[in-house]
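Here is what each chain is made of, one letter per residue.
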Amino acid sequence: MSVSVPRVKFNNGLTCPILGLGTWQAASGEVTRAVSHAIDIGYRHIDGAHLYYNEKEVGQAIKEKIKQGVVKREDLFITSKLWNTYHRADLVEKAVKMSLSDLGLDYLDLYLIHWPMAYKEGDNNFPLDSNGLAIASDADYVDTWKAMEKLVEKGFVKSIGVSNFNSVQLTRILNVASIKPVTNQVECHPYLNQNKLFEFCKEWNIIITAYSPLGSPKRPWVKPGELYLMEDPKVITVSKRWNKSPAQVLIRYQIERGIIVIPKSASKTRIEENFKVWDFQLTKDDIDLLDSLDCSCRFIPQSEGRAHKDHPFSNPAVIF
């Protein structure tokens, strides 16, 4: 499938494909096949993270496709993320080097602070107290950001950004940044359309990246009877109008807004389906209808960090 994916321009002049493959919840046994197939059909943007526990397998797929001559390294846009237990400034370079080693790469196209909360340093990614709440580190994400800037200066990464940051937290970083965040990767779908945060970021020329754009139907903590975005009647109405699947409509919804979108799938059929979104355009009425679904429904609440002083969703007066 020879489709050149449109790219968005970051505030540093570099560009990123507007559609990528997410790899969260992709098991190590299946993610190599998923990434390989995605590259074969035209994906050039792969979104990953240290916390996903599958970067070695993602790296294997990248290595194979480069060896086969399907792509060159410079054709690909590879993202990883700094986990909460590595926020202390002296650990940031160590963390990116781990991801680079696992991926088998010399540099990342994008590196994000995964969450604003710093957790107790150590080998345990989820240090919890007796109440099941995350044990905090005293590291400040502003100091973490200054260490992230050094990664750009040293050539480990080309662009840096954040994930799950609210407007107040972004402002703190912008007040001290020598290098501005190029993106804020957040949960975003019609039930949580992020219009206010989108407008805030737009003022600073920061692109929104949408994770869980399909409503994260396979999140491990889903309960029977919870909202299921892809079966919503309004989503179905738009999908029938265009003779497209609900997933294709939800992906196109983000593309129309200029938002980078990274749907995850390990299924060959769905990876292909999610890529076939270039032959139709939603109307303003379609967008308005989907926007009307917003109910501030957050599927990824990061519950173990809810007592942390830097938990991004705890203050209702803040734009998140």
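What counts as what
- Residues numbered from 1 in each chain as written.
- Predicted model: local features only at pLDDT ≥ 70, side-chain atom pairs only at ≥ 80, totals over all residues.
- Heavy atoms only, no water.
- Helix = DSSP H or I, 4+ residues; strand = E, 2+ residues; numbered from the N terminus.
- Buried < 20%, exposed > 50% of the residue type's maximum accessible area, 1.4 Å probe, protein only.
- Contact = heavy atoms within 4.5 Å.
- Areas by Shrake-Rupley, 256 points an atom, 1.4 Å probe, with all protein chains shown as cover.
- Lys, Arg positive; Asp, Glu negative; His and termini not counted.
- Charge placed at Lys NZ, Arg CZ, Asp CG, Glu CD.
- Disulfide = S-S within 2.5 Å.
- Pairing = 2+ DSSP bridges.
- UniProt positions renumbered as here; feature names shortened; annotations may be inferred.
- Polar contact = N/O pair within 3.5 Å; in protein donor to acceptor, adjacent residues only side chain to side chain.
- Right-handed = clockwise from strand over helix to strand, strands pointing away.
- Salt bridge = Lys/Arg side-chain N within 4 Å of Asp/Glu carboxyl O.

Identification of the chain as NADP-dependent oxidoreductase domain-containing protein from Arctia plantaginis is taken from an unreviewed UniProt entry.

**Examining the overall build of the chain**
Counting secondary structure elements, the chain contains ten helices and ten strands. Counting only C-alpha atoms and orienting by the principal axes, one finds that the chain spans roughly 50 × 50 × 40 Å. A buried classification covers 56% of the 320 residues belonging to the chain. Restricting the contact set of the chain to residue pairs at least 6 apart, pairs at least 24 apart contribute 76%. With an accessible surface of roughly 13,900 Å², the chain has 50% of that area assigned to carbon and sulfur atoms. Here the chain contributes 40 positive and 38 negative side-chain charges, whose respective centroids are spaced 3 Å apart.

**Quick notes on the state of the cysteines**
This model, assessed by the stated rule, comprises zero disulfides. A disulfide-free cysteine, Cys 201 has its sulfur positioned 11 Å from the sulfur of Cys 188, the nearest such atom. No disulfide involves Cys 295; its sulfur sits 4.8 Å from that of Cys 297, the nearest cysteine. Residue class for Cys 295 comes out partly exposed when judged on its relative accessible area of 42%.

**Side note on the sheet that holds strand β10 (residues 260-261)**
The eight strands lie next to each other as β3-β4-β5-β6-β7-β8-β9-β10, forming an open sheet whose pairing is parallel. Lying at the two open borders of the sheet, with one neighbouring strand each, are β3 (21-22) and β10. Bridging between strand β9 (residues 207-211) and β10 involves two bridges; their strand directions are parallel. Within β10, the position partnered with Thr 209 by the bridge is Ile 260.

**Regarding helix α8 (residues 246-256)**
Of all eleven residues in α8, ten are buried; the element is thus mostly enclosed. Along α8, the residues classified as buried are Pro 246, Ala 247, Gln 248, Val 249, Leu 250, Ile 251, Arg 252, Tyr 253, Gln 254 and Ile 255. The first or second residue beyond α8 is Gly 258, which carries a positive phi of 80°.

**Some points on unusual backbone geometry**
Its identity is not glycine, yet Gln 194 carries a phi of approximately 60°, on the positive side. Here Gln 194 shows up in the loop between β8 (183-187) and α6 (195-203). With a phi close to 60°, Asn 205 is a non-glycine residue in the positive phi region. Note on placement: Asn 205 falls in the loop between α6 and β9.

**With respect to the UniProt feature "site: Lowers pKa of active site Tyr" (unreviewed entry) in the chain**
UniProt's feature table lists "site: Lowers pKa of active site Tyr" (unreviewed entry) at Lys 81, given in the numbering used throughout. Along the polypeptide, Lys 81 turns up in strand β5 (residues 77-82). For Lys 81, the residues in contact, after removing those within four places along its chain, are Asp 47, Gly 48, Ala 49, His 50, Tyr 52, Tyr 111, Leu 112, His 114 and Gln 185. Here Gly 48 takes part through its backbone oxygen, which lies 2.8 Å from a polar atom of the side chain of Lys 81.

**Comments concerning the side chain of His 308**
Looking at the element boundaries, His 308 is found in the segment after α10 (284-291). We classify His 308 as buried; its relative accessible area is 8%. Setting aside residues no more than four positions away along its own chain, His 308 makes contact with Met 117, Ala 118, Tyr 119, Ala 136 and Ser 137.

**A word on the pairing of strand β7 (residues 157-163)**
Summarising burial for β7: six of the seven residues are buried, a large majority. By the bridge criterion, five bridges tie strand β6 (residues 108-113) to β7 in an arrangement that is parallel. Along β7, the bridge assignment pairs Leu 110 with Ser 159. Between the parallel elements β6 and β7, the chain passes through helix α4 (residues 141-153) in a crossover that is right-handed. When β7 meets β8, the two strands line up parallel, connected through two bridges. Following the sheet pairing, Val 162 is matched in β8 by Asn 184.

**Observations concerning the pattern of salt bridges**
The tally for this structure, following the rule as stated, stands at 13 salt bridges. Residue Asp 47 is joined to Lys 81 by a salt bridge in which the shortest nitrogen-to-oxygen separation is 2.7 Å. Placement of Asp 47 in strand β4 (residues 45-47) and of Lys 81 in strand β5 is noted, with a sequence separation of 34 residues between them. On the accessibility criterion, Asp 47 (2% relative accessible area) is buried. Since its relative accessible area comes to 1%, Lys 81 is described here as buried. Its salt-bridge partner being Asp 140, residue Arg 172 comes within 2.9 Å of it at the nearest N-O pair. Of this pair, Arg 172 sits in helix α5 (residues 167-176) while Asp 140 sits in the loop between β6 and α4, and the two are 32 residues apart along the sequence. Assessed through its relative accessible area of 22%, Asp 140 is described here as partly exposed.

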